[in-house]
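Below, each chain spelled out in residue letters.
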Amino acid sequence: MTPTPQPAPAPVHWKLVIDSADPHAQADFWSAALGYTVEDNSAFVERLLGLGALPAAAAVDFHGRRAFRDLIAVRHPEDPYDEERGTGLGRRLLFQRVPEPKAGKNRLHLDLHPGEGRRADEVARLTELGASVLREVREPAGAWVVMTDPEGNEFCVH
C-alpha cells in the first residue's frame with residue numbers, strides 16, 4: 001500500500017530575535033542601517049498601562065512615545081503590520097533586553113548586500129552610525145567586510 005501524500009506545511013511566520021543590553025539603541029542603529037522602520041507600539045503600551053496589565057516600570061519613553069522597556073522591533077517599511085499593536089507581520093528584527101553581555105562569536109548573522117560597487121560607501125556609512133570593522137575578507141569565492149554593531153554583534157557587508 002502506498003502512503004497517502006501529506007500536504008506541504010504552510011510557510012511559518014518568523015522574526016529574528018537579538019539579545020541586547022540596550023534594545024532601543026540597537027533598534028535605532030539597525031533601522032538606520034537597513035532603512036527599516038522602528039515599530040510604534042505606543043497605542044498598545046498605553047492601552048495595557050491603562051488596563052493595569054502592564055506595570056509602569058515595564059514602559060519607557062522612546063523618541064516621545066511610550067514603548068516596552070525590554071523589547072522593541074524594526075520592520076521592513078513595505079511589509080504589513082498590525083495597526084492596533086504596531087507589530088510587523090513581515091520581515092523584522094526584535095531586540096530583547098538581557099542581563100548578560102555578549103560572549104563569543106555569533107552563531108547567526110546578517111549579510112547586507114548594498115549593491116555592486118557600493119560596499120566601501122556602505123561600510124563608511126555604517127561606521128558613522130556606530131558599527132566597527134573587524135576585518136576585510138578576500139577569498140576566491142568573493143570579498144566582504146566583517147563588521148560589528150554597537151553591541152558587538154557580527155554582520156557582513158558584501
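Residues numbered from 1 in each chain as written. Predicted model: local features only at pLDDT ≥ 70, side-chain atom pairs only at ≥ 80, totals over all residues. Heavy atoms only, no water.

1. A word on the environment of Asp 111
For step 1, the next point in the chain: Topologically, Asp 111 is positioned in strand β9 (residues 110-112).
For step 2, the next point in the chain: C-alpha separation for the pair Asp 111 and Val 12, spaced 99 residues apart in sequence, amounts to 21 Å.
For step 3, the next point in the chain: Those residues within four positions of Asp 111 in sequence are excluded, and the remaining contacts are Cys 156 and His 158.
For step 4, the next point in the chain: Within the structure, Asp 111 has its side chain in polar contact with the side chain of His 158 (distance 3.2 Å). (Helix = DSSP H or I, 4+ residues; strand = E, 2+ residues; numbered from the N terminus. Contact = heavy atoms within 4.5 Å. Polar contact = N/O pair within 3.5 Å; in protein donor to acceptor, adjacent residues only side chain to side chain.)

2. Topic: the sheet that holds strand β5 (residues 71-75)
The strands making up a sheet associate through hydrogen bonds between their backbones, and the pairing can be parallel or antiparallel.
For step 1, the next point in the chain: Taking strand neighbours across the sheet as the criterion, the 4 strands line up as β1-β8-β5-β2 in an open arrangement whose pairing is mixed. The outermost strands of the open sheet, each flanked by one partner alone, are β1 (16-20) and β2 (37-38).
For step 2, the next point in the chain: Relative to strand β8 (residues 92-97), β1 runs parallel, the two sharing 5 bridges. Within β8, the position partnered with Asp 19 by the bridge is Gln 96.
For step 3, the next point in the chain: Helix α1 (residues 23-34) rests against β1, β2, β5 and β8 of the sheet, and its axis sits at about 160° to β8. (Pairing = 2+ DSSP bridges. Axes fitted to C-alpha atoms, helices over the stretch in contact; angles between N-to-C directions.)

3. Description of the pattern of salt bridges
For side chains bearing opposite charge, pairing can occur when the charged atoms are close.
For step 1, the next point in the chain: Following the criterion strictly, the structure yields 9 salt bridges and no others.
For step 2, the next point in the chain: With a closest N to O distance of 3.4 Å, Arg 65 and Asp 40 form a salt bridge. One end of the pair, Arg 65, is in strand β4 (residues 65-68); the other, Asp 40, is in the loop between β2 and α2 (42-51), and 25 residues separate them in sequence.
For step 3, the next point in the chain: Given the relative accessible area of 37%, Asp 40 is considered partly exposed. (Salt bridge = Lys/Arg side-chain N within 4 Å of Asp/Glu carboxyl O. Buried < 20%, exposed > 50% of the residue type's maximum accessible area, 1.4 Å probe, protein only.)

4. Considering the nonpolar core
The nonpolar side chains of a soluble globular protein tend to be buried, and buried together.
For step 1, the next point in the chain: Within the largest apolar cluster, 22 residues are counted, with the highest numbers of intra-cluster contacts made by Trp 30, Val 74, Leu 93, Phe 95, Leu 126, Met 147 and Phe 155.
For step 2, the next point in the chain: With 4 residues, α1 is the single largest residue contributor to this core.
For step 3, the next point in the chain: For Leu 126, the contacting residues outside a window of four places in its chain are Phe 29, Ala 33, Leu 112, Ala 131, Met 147, Phe 155 and Val 157.
For step 4, the next point in the chain: Judged by nonpolar contacts, the second largest core, of 6 residues, contains Val 45, Leu 54, Ala 59 and Phe 68. (Core = buried A, V, L, I, M, F, W, Y, C linked by side-chain atoms within 4.5 Å.)

5. Points about α2
For step 1, the next point in the chain: Regarding α2, the residues found buried are Ser 42, Phe 44, Val 45 and Leu 48. Down the axis of α2, the buried side of the element spans an arc of 160°, and every buried residue falls inside it. Exposed and oriented more than 90 degrees from the buried face of α2 are Ala 43, Gly 50 and Leu 51.
For step 2, the next point in the chain: Where α2 is buried, its residues contact β3 (59-62) and β4.
For step 3, the next point in the chain: Positive phi shows up at Gly 52, right after α2, with a value of about 75°. (Arc of directions from axis to C-beta.)

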